[in-house]
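# Results of the structural survey
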Amino acid sequence: MDAKNKQQKLSLGVILILIAAALSSLGQLAWKFGADGTGSYAIVLYAVGFLAAGAGMFFMMAAFRYGEVSILQPMMSLGFALSIVLGALFLNESITWYKLLGTGFIIAGSILLGIEGNEETI
């Protein structure tokens with residue numbers, strides 16, 4: 001496989017894993033709203049959460065077809081960063097300096113893995 005084709009496959013894998021992380025975070029947000037709700041409203045939110053999380057798992061499995069697990073799986077942690085943002089936007093959770101620092105490390109690690117994925121192996 002030539003380098004350009006390998007890079008295209010990895011890029012597709014990264015896009016799919018980012019979609020997976022976003023769907024996972026949205027599913028968790030729906031579960032949180034479901035936990036706070038009652039009756040059929042809560043059941044619908046749980047179902048939406050399971051559908052979103054299930055779709056996220058589907059996209060994650062698809063991503064593994066196009067890239068290395070050692071690069072893509074840690075990128076799923078970007079979902080944690082998204083969860084912090086969603087928590088602040090929809091749940092009125094505070095964003096502290098510790099959360100910002102931790103999120104910065106998550107994003108930096110994902111960037112480093114993306115760069116490492118572009119390197120040629122020895």
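All values derive from a computational prediction rather than experimental measurement. (Residues numbered from 1 in each chain as written. Predicted model: local features only at pLDDT ≥ 70, side-chain atom pairs only at ≥ 80, totals over all residues. Heavy atoms only, no water.)

## Quick word on the UniProt feature "transmembrane region" (unreviewed entry) in the protein chain
Here is the rule: UniProt positions are given in the numbering used here, feature names are shortened, and annotations may be inferred rather than shown by experiment. The helix count covers DSSP runs of H or I at least four residues long, the strand count covers runs of E at least two residues long, and both are numbered beginning at the N terminus.
When the UniProt feature table is mapped to this numbering, "transmembrane region" (unreviewed entry) covers residues 12-31, 43-64, 71-91 and 97-115. End-to-end, the C-alpha atoms of residues 12-31 are 29 Å apart, and along that stretch the chain is 100% helix and 0% strand.

## Description of unusual backbone geometry
Despite not being glycine, N92 has its phi angle at roughly 55°, a positive value. As for its position among the elements, N92 is in the loop between α4 (78-90) and α5 (97-118).

## Here we look at the packing of helix α1 (residues 3-36) against helix α2 (residues 39-64)
How we decide: A fitted line through C-alpha atoms represents every axis, and for helices the fit uses only the stretch in contact; the resulting angles, taken between N-to-C directions, go from 0 to 180 degrees. Angles are sorted into four bins: roughly parallel if under 35 degrees, roughly antiparallel if over 145, roughly perpendicular if 65 to 115, and oblique for all others. Should the near helix be turned counterclockwise from the far one by less than a right angle, the crossing is left-handed, whereas a clockwise turn marks it as right-handed. Any residue outside Ala, Val, Leu, Ile, Met, Phe, Trp, Tyr, Cys, Pro, Asp, Glu, Lys and Arg is labelled polar, Gly included; the first ten of those are nonpolar and the last four are charged.
The N-to-C vectors of α1 and α2 enclose an angle of 165°; their axes lie 7 Å apart at closest approach. As far as their axial angle goes, α2 and α1 are roughly antiparallel. In this structure, the crossing between α1 and α2 has a hand that is left-handed. Across the contact of α1 with α2, the residue classes tally to 22 nonpolar, six polar and no charged.

## Quick word on the UniProt feature "domain: EamA" (unreviewed entry) in the protein chain
The sites that carry the UniProt feature "domain: EamA" (unreviewed entry) are, in the present numbering, residues 16-113. Segment residues 16-113 splits into 86% helix and 0% strand. End C-alpha atoms: 15 Å apart.

## What about the nonpolar core?
General note: in soluble globular proteins, nonpolar side chains tend to be found buried as a group. Our working definition: Working definition of a nonpolar core: buried Ala, Val, Leu, Ile, Met, Phe, Trp, Tyr and Cys residues. They are joined through side-chain atoms within 4.5 Å. Buried, partly exposed and exposed residues are distinguished by accessible area as a fraction of the type maximum, computed with a 1.4 Å probe on protein chains only: under 20%, between the cut-offs, and over 50%, respectively. Residues count as neighbours in contact if any of their non-hydrogen atoms are within 4.5 Å of one another.
By size, the foremost hydrophobic cluster in this structure holds ten residues: L16, I17, A20, A21, M60, A63, I71, L72, M75 and M76. When contributions to this core are tallied by element, the ones reaching two or more residues are α1, α2 and α3 (69-75). Once you skip the residues sitting within four places of it in the chain, L72 turns out to touch G13, V14, I17, A63, F64 and G67.

## Thoughts on α2
So the rule is basically this: One fewer than the residue count of a helix, multiplied by 1.5 Å, yields its expected span.
Its 26 residues give α2 an end-to-end C-alpha distance of 38 Å, which sits within 8% of 38 Å, the value for a rise of 1.5 Å per residue. All buried positions along α2 are accounted for by A42, L45, G49, A52, A53, G56, M60 and A63. The secondary structure elements touched by the buried residues of α2 are α1 and α3.

## Comments concerning a nonpolar patch on the surface
Using the following cut-off: For patch detection, residues must exceed 30% relative accessible area and be free of salt bridges, and they are connected within 9 Å for like charges or within 5 Å for nonpolar side chains (Val, Leu, Ile, Met, Phe, Trp, Tyr). What sets the accessible areas is the Shrake-Rupley method with a 1.4 Å probe; for residues, cover comes only from the shown protein chains. Put simply, a salt bridge is a Lys or Arg side-chain nitrogen that is within 4 Å of an Asp or Glu carboxyl oxygen.
There is a patch of nonpolar side chains on the surface, built from I107, I111, L112 and I115 and spanning about 370 Å² of accessible area. For L112, the location among the structural elements is in helix α5.

## Here we look at the environment of K4
By secondary structure assignment, the location of K4 is in helix α1. The spatial distance from the C-alpha of K4 to the C-alpha of R65 is 17 Å, given a sequence separation of 61 residues.

## Considerations on the packing of aromatic side chains
Spelled out, the test is: Two aromatic rings, drawn from Phe, Tyr or Trp (for Trp, its six-membered ring), form a pair once their centres lie within 6.5 Å of each other, and the interplanar angle then sorts them: stacked below 30 degrees, edge-to-face above 60, tilted otherwise.
Inspection of every chain in the model, using the stated rule, returns two aromatic pairs. Plain terms: the ring middles of F58 and F59 are 5.8 Å apart, the flat faces sit at 80° to each other, and that makes the pair edge-to-face. For F58, a relative accessible area of 53% translates into the label exposed. F59 gets classed as partly exposed once you look at its relative accessible area, which sits at 25%.

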